[in-house]
Number of protein chains: 2
Amino acid sequence: MATLKDIEVAAAINILSAFAFLVAFAFLRLQPINDRVYFPKWYLKGLRNSPLGSGAFVGKFINLDFRSYVRFLNWMPAALQMPEPELIDHAGLDSAVYLRIYLVGLKIFVPIAFLAFAVMVPVNWTNGTLELEHSTLVYSDIDKLSISNIPKGSPRFWTHLVMAYAFTFWTCYVLKKEYEIVASMRLHFLASEQRRPDQFTVLVRNVPPDPDESVNELVEHFFLVNHPDHYLTYQVVYNANKLSDLVKEQKKLRNWLDFYQLKYSRNQSRRPSTKTGFLGLCGERVDAIDLYTSKIEGLSEAITSERDKIMNNPKSIMPAAFVSFKTRWAAAVCAQTQQSRNPTIWLTEWAPEPCDVYWDNLAIPYVSLTIRRLIVAVAFFFLTFFFMIPIAFVQSLANIEGIEKAVPFLRPIIELKGVKSLIQGFLPGIALKIFLIFLPSILMLMSKFEGFISISALERRSATRYYIFQFINVFLGSIITGTAFQQLHNFMNQRANDIPKTIGVSIPMKATFFITYIMVDGWAGIAGEILMLKPLIIFHLKNFFLVKTEKDREEAMDPGSLGFNTGEPQIQLYFLLGLVYAVVTPILLPFIIVFFGLAYMVYRHQIINVYNQEYESAAAFWPDVHGRIIVALIVSQLLLMGLLSTKEAAQSTPFLIALPVLTIWFHMFCKGRYEPAFVRYPLQEARMKDTLERAREPNLNLKGFLQNAYIHPVFKKADDSESDAASEDSDQGPNLVPTKRQSQRGTPFPSKHSGSSSSLLPEAVQEH
Amino acid sequence: MATLKDIEVAAAINILSAFAFLVAFAFLRLQPINDRVYFPKWYLKGLRNSPLGSGAFVGKFINLDFRSYVRFLNWMPAALQMPEPELIDHAGLDSAVYLRIYLVGLKIFVPIAFLAFAVMVPVNWTNGTLELEHSTLVYSDIDKLSISNIPKGSPRFWTHLVMAYAFTFWTCYVLKKEYEIVASMRLHFLASEQRRPDQFTVLVRNVPPDPDESVNELVEHFFLVNHPDHYLTYQVVYNANKLSDLVKEQKKLRNWLDFYQLKYSRNQSRRPSTKTGFLGLCGERVDAIDLYTSKIEGLSEAITSERDKIMNNPKSIMPAAFVSFKTRWAAAVCAQTQQSRNPTIWLTEWAPEPCDVYWDNLAIPYVSLTIRRLIVAVAFFFLTFFFMIPIAFVQSLANIEGIEKAVPFLRPIIELKGVKSLIQGFLPGIALKIFLIFLPSILMLMSKFEGFISISALERRSATRYYIFQFINVFLGSIITGTAFQQLHNFMNQRANDIPKTIGVSIPMKATFFITYIMVDGWAGIAGEILMLKPLIIFHLKNFFLVKTEKDREEAMDPGSLGFNTGEPQIQLYFLLGLVYAVVTPILLPFIIVFFGLAYMVYRHQIINVYNQEYESAAAFWPDVHGRIIVALIVSQLLLMGLLSTKEAAQSTPFLIALPVLTIWFHMFCKGRYEPAFVRYPLQEARMKDTLERAREPNLNLKGFLQNAYIHPVFKKADDSESDAASEDSDQGPNLVPTKRQSQRGTPFPSKHSGSSSSLLPEAVQEH
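Position labels on residues start from 1 in each chain and follow its written sequence. Chain labels run from A onward and ligand labels from 1 onward, assigned in the order the entries are written. Since the coordinates come from a predicted model, pLDDT governs what is reported: local features require at least 70, and pairs of side-chain atoms require 80 or more to be given and counted, while whole-chain, interface and lining totals use all residues. The side-chain quantities take in all heavy atoms of the structure and omit both hydrogens and water.

Peer 1: Please clarify how the relation of the copies chain B and chain A should be interpreted in this entry.
Peer 2: Applying a rotation about an axis and a shift along it to one chain copy brings it onto the other copy. For the pair chain B and chain A, the best superposition has an RMSD of 0.1 Å and corresponds to a rotation of 180 degrees with a translation of 0.1 Å parallel to the axis. Between the two chains, the operation in question is that of a two-fold axis. Both copies present the same face, since 100% of the interface residues in chain B are matched by interface residues at the equivalent positions in chain A. The copies were overlaid with a least-squares fit restricted to C-alpha atoms from residues scoring a pLDDT of at least 70 in each copy. Contact criterion: two residues are considered in contact whenever any of their non-hydrogen atoms come within 4.5 Å of each other.

Given below as structure tokens:
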């Protein structure tokens, strides 16, 4: 067990590395050359143009104004300044509510920490159990502050019992308040929003096949009959997967063309050439620009013919459609009701936002959906409990002997003593590490296979799975060391009563481990997030090799997005740790509070300046967040029950049983009270908006507005890129034309709050 | 362990007693005096009038036609003759579908029994394990047919594994088919039904309080705004609980008045008198007829004033209303959507049928509902696991010494040896027996407290609870003897793996017990049901003391109803036993098949001739029935897994794990595929019915039809009884006037199928 000293050292290292990241960030972000990496959001919003071109040539790339370095931590207050309504306006409700998760963490744990330090630390500290009992053993100072220091059967455990009640009630209170706020924010957001196609549109799936009518006719007839007063129009869904592959291919080729054109423009003496064979490594040598131009032309033709085919062949129409109504009221009605006698056909649900649609999954029939769900459930079970088996297999293959056999010429190097031990220490971990890096993608693939129809739903489901995986393999796996499968085996062979006991007993002993974990993963990890190392490198690579025009540069930016499917489960792990250790080892709480505070600031900055949310689900994820905090609460109560029962404080157990019962009841209450706001759309609201709109715009052409709202992105993109390609060739020529930096000029969407938002623009803009 | 001989004896006894019941029934039902007990359904339908009055005086009461006794089992084919569509017409869909539960039992178990006897009995029988291993122990012949006879680790267990798969697939197949049939029956029933108020009406609960508007105005305004094109009318709900108490009191007094008037009319020499004090035992002696007449008059005034108060006092209007719409489509829309931003107010749901409404629960606010649910859940947990504690306490009080102290003058009798041992054997059981008799009522009270708003929902929830109670206390309690609490304690202290093992191992040993149980509870119990002993006695008592007019006699009939809350859980116990023992001890199956066959016949007879269903829920209970059979299936699979793992057939366990997974998946599939038909009302159907109706009856006055559909029964009844009382006094006078028996005459509702149904009328009618 680590002593306080060890923790101090670890804390110092992690604080230093976090600080180093922050300083590096502060330095890098002030360089104009990195402007597009650290402020892409403003570029995308059109509020900021290229920083290049002002001042001297060097000034284009490096910030020479030393005064700005003095205020290098200025981004922190700047990130906190933007008020929430403006933040919603700027980055969407999803991001604003995502930040509230961190705030909930602070709201829950700051008062709990104060209470715990005021009451429980003295109660724990003033015992001498560890000194007496383990006088021969090494015990840590941390443990003196924890529940371990209290003798068995001591009446002092009543303090912990009362505290468990207090913490539960406080957490539930915060959760209820927050659910209420988020629900009303969501409804307010939906109500105050501008007219959007998804408000009027319902996605219809599983249109039954009919030998006499096409899908178009079927949909039109069905809704004309069943919603005669409200039906407006529909858009069928085309199976454009092949077309979208072709367009992707074309884009890749165009990148290569750009690369060679750029190469030629820099060195006009020699036209670049490439080989036609595999990866350009073998085959005939030809002129690269000509090759790619002709290839692109060929693909363009293929794309055109494929598009014609899709448009004209009735078989490429999928049995799904976006049906639009004259009023929001009618759309709300259609989305919430069952249409047909057979509940597996004519399935209606709210259409996701157009950019939230996951097009590939729109046409999966009902039976296939249920089978996919079963397969994924079984696969996830095996993934969670048996993922170590293939990794162990890979590890057994990838040992030093194997490598020496595979690449014998490296043997002398490997046999060096230092290198050998490095590889031996490094190799077993690398397979696991690679697996963990790919895990979110694997889970995402599973969700895609399962058939969800919107990206937001995909991310929510992946987040749930990731949380379960982390709970079993990180939380339980760290407490009772052993793989998940071993745990499963143990649990099956344990008395039901003993499961919380086994875990409960190990909990106080693992406090120091988790403190270090929080500092590494939470503090340094979050500070690393703000540095955006990967996008930084990729941007500069792209910038050097591909960028010709301002538009290319825009495409080279990779602002990324919040990544709900990986970010939220990570936060939830901290909630879990905080709630579990609040009663047991309260010394852990300050570390968690620092995590929540730092993460809140960093992500607020990122959301304001960097991330570009792909979709807007209007905080549809909050019920999941709420539910998982409740799960953490119940786990903490069960584990405390197990722990106390081993401490011979059995008389307190009955009082603890009431806690999970009450918590589950609280969850059901919240579910009934607030969840409908996230699932259904009240008719009253819809009617209100309809009436208002009719009064304001009596002559609105809604049909025109909705006609082409739900077109497969590949049709839109193809249009864009073709017209772009044409304009590029004719207007700007192949050469790079550095445009003047025009801060706040030529803004397509003027900010409503330009007064306040200008003060929030990073200093780099204001300095120049 | 019982031998085959013991079983044979028990079977003989039970078959004889069942036979005796059937003979007694056959005899009693042919007596005209019992006609109203055994054929009340026909009286209620108006298809049969009083049998009294034809032939000689004795012939009024006793059937003297000896020919009819020869064909005393004729009711059986008669019960089976009525085709299902006519049965639905005659007794409602609920009853017809209820009978299908027995049919499902036959469909599942007959093929399973054939397969089991063809395959598994030989496999089990040809082993000699029991002879070898337990040569010193007594083993039964039954056990030689069961899985116990197979040696540990034998490859023969593969047979059982394959059979478990076959039985599961067969059961699921039958269940799916049946769910499909019942769902389409329900939809067809709803579609072909005549116009009913509940098709157009939605129950709105939790109307929010408003200081400026009354509930009436609020409801009207809200729906005029949010469903402007469809809203038709509304009816508020009055708090008439006090009034209904008064009416009940009045009815009781009128019964007494009738009793004394009858007494006087029989013996006109002396006017009957009573005492005014407690229970008529003490106080002043007064003329009974005058006393009750004046009492009834006083109450009538109180009722009138209370009715005026309810009608005029806005405080007696509850925050709930029945809102009616112009079309079925609009009602379906309103019932399926969320109305208000706050999901706990303006709650809409399908209005139950008018006679299915449970009026007392209409005004419970949302928060109170969730709290009630918590309280009931906790109470039910304690009821299930700790019900033995108060009973043991009562038992300890009610011992012989206690009785001797309380009633010392009985001591000489009690001290007699025979009596003493009888009481000692009898007393401990009686408290438990009384508890078990009252259990359904206790569970019903719980459901009422929980706040369901329709009688059908109350019965469904009570049935679920009763099933859980039976599963834990009868099924598990018989297998591992001990109270439920002891079991709970054992389970908590057992390895998770061991729980199915513990139960699984005891299962083969309990086969003989359950065979006897089936014969007593299933065979003799069902045969006793048809005898209707309790209604028979009560009818004759009432007939003697109270009946003056034909109408009184009608009221004296107590046809009863199916009693879903007690009947269905009993059937489910047989499903559970059948599925659990199908693989383990197939000899049990024939007993279960006989139960299902006998019960099907008996209940078909009862439904045709006796029961009068209070409400019609259109088979809304089927998802529950389906779900519980699935539970039985999963339990049987888990127990088989436990049993096989103790038989050292561990290699088969992985194959068994797939079974519950597949079964759960099957359940989820069915839930998605068929359950919506029982919860929602598809818009397509609604629109179709609306269009048809508009074409047929373009000038329909729907408002008039719906205006008074949902009136608290007490208002209706009060009207009825007052007018009745008046008509009785004036028209018929106080004397009993035996009316002529008029078979098939004066029928208010002529049967559509009078040709076929007349042949179904009991012979007694046809004979005379």
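Peer 1: For this particular structure, what's the right way to read the packing of aromatic side chains?
Peer 2: By convention here, two paired aromatic rings are described through the distance between centres and the angle between planes. All names here are of chain A. Aromatic pairs are defined between Phe, Tyr and Trp rings, using the six-membered ring for Trp, whenever the two ring centres lie within 6.5 Å; interplanar angles under 30 degrees are classed as stacked, those over 60 as edge-to-face, and all others as tilted. Counted under the stated rule, the structure contains 75 aromatic pairs over all chains. Where Phe-222 meets Trp-346, the ring centres are 3.9 Å apart and the plane angle is 10 degrees; that geometry is what we call stacked. A residue pair is termed long-range when its members are at least 10 positions apart, and Phe-222 in helix α13 (residues 215-226) and Trp-346 in the loop between α16 (328-336) and β6 (347-350) qualify at 124 residues. Accessibility here uses a 1.4 Å probe with only protein chains present; expressed as a share of the type maximum, an area under 20% marks a residue as buried, one over 50% as exposed, and anything in between as partly exposed. By relative accessible area, which is 5% here, Trp-346 ends up buried. A network of ring pairs unites the aromatic residues Tyr-98, Tyr-102, Phe-109, Phe-564, Tyr-574, Phe-575, Phe-595, Phe-596, Tyr-603, Tyr-611 and Phe-621 as a single cluster. Lysine and arginine charges are scored as sitting over a ring when NZ or CZ, respectively, is within 6 Å of the ring centre and within 35 degrees of the ring normal. Over the ring of Phe-449 we find Arg-372, and its NZ or CZ is 4.8 Å from the ring centre. Secondary structure is summarised from DSSP: a helix means a run of H or I of at least four residues, a strand means a run of E of at least two, and numbering begins at the N terminus for each.

Peer 1: Looking at this model, I keep getting lost on a nonpolar patch on the surface. Mind explaining?
Peer 2: A patch consists of residues exposed above 30% relative accessible area that lack any salt bridge, with like charges linked at up to 9 Å and nonpolar side chains (Val, Leu, Ile, Met, Phe, Trp, Tyr) linked at up to 5 Å. Per-residue accessibility takes into account occlusion by the displayed protein chains alone, with areas from the Shrake-Rupley method and a 1.4 Å probe. Only one rule defines a salt bridge in this text: a Lys or Arg side-chain nitrogen within 4 Å of an Asp or Glu carboxyl oxygen. The grouping of A:Val378, A:Phe381, A:Phe382, B:Ile657 and B:Val661 at the surface amounts to a nonpolar patch, some 400 Å² of accessible area in total. Put simply, the parts of the chain that give the nonpolar patch at least two residues each are α17 (366-386) of chain A together with α30 (653-674) of chain B. Topologically, A:Phe381 is positioned in helix α17. A:Phe381 gets classed as partly exposed once you look at its relative accessible area, which sits at 36%.

Peer 1: How should the pattern of salt bridges be read in this particular structure?
Peer 2: Two side chains of opposite charge can pair, provided their charged atoms sit close to one another. Residue and element names in this part refer to chain B. Here the structure, examined in full by the defined rule, presents 26 salt bridges over all chains. Glu-180 is the partner of Lys-176 in a salt bridge, and the nearest nitrogen-oxygen pair spans 3.3 Å. Here Lys-176 pairs with Glu-180, and both are found in helix α10 (residues 157-192), just four residues apart, close to one helical turn. With relative accessibility at 28%, the residue Lys-176 sits in the partly exposed group. Asp-690 is the partner of Arg-328 in a salt bridge, and the nearest nitrogen-oxygen pair spans 3.4 Å. Note that Arg-328 is positioned in helix α15 (residues 328-336) and Asp-690 in helix α32 (residues 683-696), a separation of 362 residues in sequence. Across the pair, exposure class does not vary: Arg-328 and Asp-690 are buried alike.

Peer 1: Before we go on, may I ask you to explain the nonpolar core in this structure?
Peer 2: Side chains that are nonpolar tend, in soluble globular proteins, to be buried together. Among buried residues, the Ala, Val, Leu, Ile, Met, Phe, Trp, Tyr and Cys ones that are joined through side-chain atoms within 4.5 Å form a nonpolar core. The biggest cluster of nonpolar side chains holds 345 residues, and the ones touching the most others in it are A:Phe475 and B:Phe475. Core analysis: the next-biggest nonpolar cluster, separate from the first, contains 18 residues, B:Leu246, B:Leu253, B:Ile289 and B:Ile296 among them.

Peer 1: Looking at this structure, how should I read the interface of chain B and chain A?
Peer 2: Interface size is commonly expressed as the accessible surface area that is lost when the partners come together. Counting residues at the interface gives 47 residues for chain B, matched by 48 residues for chain A. Regarding the contact of chain B and chain A, the summed buried area is about 4400 Å², with carbon and sulfur atoms giving 57% of it. Two parts placed together each lose some accessible area; with a 1.4 Å probe, that loss summed over both constitutes the buried area. The largest per-residue losses of area from chain B upon contact with chain A belong to B:Gln338, B:Arg341 and B:Trp665, which jointly make up 16% of the total buried on that side. Counting across the interface, chain B meets chain A through zero salt bridges. We define a polar contact as two N or O atoms separated by no more than 3.5 Å, with the added condition that, inside protein, one atom must be a possible hydrogen donor and the other a possible acceptor, whereas residues neighbouring each other in sequence contribute only through side-chain atom pairs. Between the two partners, chain B and chain A, sit 16 residue pairs in polar contact (both at pLDDT 80 or more). Mapped onto the side of chain B that touches chain A, the elements with two or more residues apiece are α10, α12 (215-226), α15, α16 (366-386), α22 (484-492), α30 and α32 of chain B. In this classification, the charged set is Asp, Glu, Lys and Arg, the nonpolar set is Ala, Val, Leu, Ile, Met, Phe, Trp, Tyr, Cys and Pro, and all remaining amino acids, among them Gly, are polar. Across the side of chain B that touches chain A, the residue classes tally to 24 nonpolar, 17 polar and six charged.

Peer 1: So what exactly am I meant to see when it comes to the packing of helix α24 (residues 511-531) of chain B against helix α27 (residues 564-584) of chain B here?
Peer 2: In helix packing, the relevant descriptors are the interaxial angle and the interaxial distance, both defined with respect to the helix axes. All names here are of chain B. Contact geometry for α24 and α27: axes closest at 12 Å, N-to-C directions at 150 degrees. On the basis of their axis angle, the class for α24 and α27 is roughly antiparallel. α24 and α27 meet at a crossing whose hand is left-handed. Residues Ala-511, Phe-514, Tyr-517, Ile-518, Asp-521 and Gly-522 of α24 touch α27, and the partners they reach there are Gln-570, Leu-573, Tyr-574, Leu-577 and Tyr-581. Between the N-to-C directions of two axes lies an angle of 0 to 180 degrees, each axis being a line fitted to C-alpha atoms and, for a helix, fitted only over the stretch in contact. Should an angle fall under 35 degrees it is taken as roughly parallel, and over 145 as roughly antiparallel, whereas 65 to 115 is taken as roughly perpendicular and any remaining angle as oblique. The sense of a crossing depends on the near helix, which, turned anticlockwise from the far helix by less than a right angle, makes the crossing left-handed and, turned clockwise, makes it right-handed.

Peer 1: Would you take a moment to explain helix α22 (residues 455-479) of chain A for this structure?
Peer 2: Residues separated by three or four positions in an α-helix point in the same direction, a consequence of the helix having 3.6 residues per turn. Residue and element names in this part refer to chain A. In a regular helix each residue adds 1.5 Å, so 25 residues correspond to 36 Å; α22 covers 34 Å between its end C-alpha atoms and thus fits that length. Here the bend at a residue is taken as the angle between two axes, fitted respectively to the seven residues that end there and the seven that start there. In the structure, α22 departs most strongly from a straight axis at Phe-471, where the bend amounts to approximately 30 degrees. For α22, the tally of buried residues reaches 21 of 25 residues, placing the bulk of the element in the interior. Here the expected length of a helix is defined as 1.5 Å per residue gap, with one fewer gap than residues.

Peer 1: Explain unusual backbone geometry here, please?
Peer 2: For residues besides glycine, phi is generally negative; the peptide bonds are generally trans as well. Here A:Asn206, not a glycine, exhibits a phi torsion of approximately 55 degrees, which is positive. Among the residues examined, A:Asn206 registers a relative accessible area of 10% and is labelled buried.

Peer 1: Would you mind showing me how to read helix α14 (residues 288-312) of chain B here?
Peer 2: Here α14(B) spans 36 Å end to end across 25 residues, near enough to the 36 Å set by a 1.5 Å rise per residue. Along α14(B), the positions that sit buried rather than exposed are B:Ala288, B:Ile289, B:Leu291, B:Tyr292, B:Ile296, B:Leu299, B:Ser300, B:Ile303, B:Glu306, B:Arg307 and B:Ile310.

Peer 1: What is the right way to look at the sheet that holds strand β2 (residues 231-238) of chain B in this model?
Peer 2: Strands belonging to one sheet form pairs held by backbone hydrogen bonds; the direction of such a pair is parallel or antiparallel. Residues and elements named next belong to chain B. If you trace the four strands from one edge of the open sheet to the other, you get β2-β5-β1-β6, paired in antiparallel fashion. Only two strands of the sheet have a single partner each, and these edge strands are β2 and β6 (347-350). Between one strand axis and the next, the sheet turns by 30 degrees as a mean value, whatever way the strands run. At least two DSSP bridges between two strands are needed for those strands to be called paired. Here β2 runs beside strand β5 (residues 317-325); their pairing, made up of seven bridges, is antiparallel. Looking at β5, one finds that Val-236 is bridged to Ala-321.

Peer 1: Any chance you could explain the sheet that holds strand β2 (residues 231-238) of chain A here in plain terms?
Peer 2: Residue and element names in this part refer to chain A. Reading across from one edge, β2-β5-β1-β6 is the order of the four strands in this open sheet, with antiparallel pairing throughout. Every other strand in the sheet has two partners, leaving β2 and β6 as the edge strands with one partner each. Within the sheet, the average angular offset between the axes of one strand and its neighbour, ignoring direction, is 30 degrees.

Peer 1: It is not clear to me how the packing of α17(A) against α22(A) should be interpreted in this structure. Could you clarify?
Peer 2: Residue and element names in this part refer to chain A. Two elements in contact, α17 and α22, have axes whose closest approach is 10 Å; the angle formed by their N-to-C orientations is 30 degrees. When the interaxial angle is binned, α17 and α22 end up roughly parallel. Relative to α22, α17 is oriented so that their crossing is right-handed. Residue-level contacts link Val-376, Phe-380, Leu-383, Thr-384 and Phe-385 of α17 to Arg-465, Ile-468, Phe-469, Ile-472 and Asn-473 of α22.

Peer 1: Explain the environment of A:Gly627 here, please?
Peer 2: All names here are of chain A. Tracing the chain through its elements places Gly-627 in helix α30 (residues 622-646). Taking relative accessible area as the criterion, Gly-627 reaches 14% and is therefore assigned buried. Separated by 13 residues in sequence, Gly-627 and Glu-614 place their C-alpha atoms 25 Å apart.

Worth remembering: the numbers are spatial, not functional.
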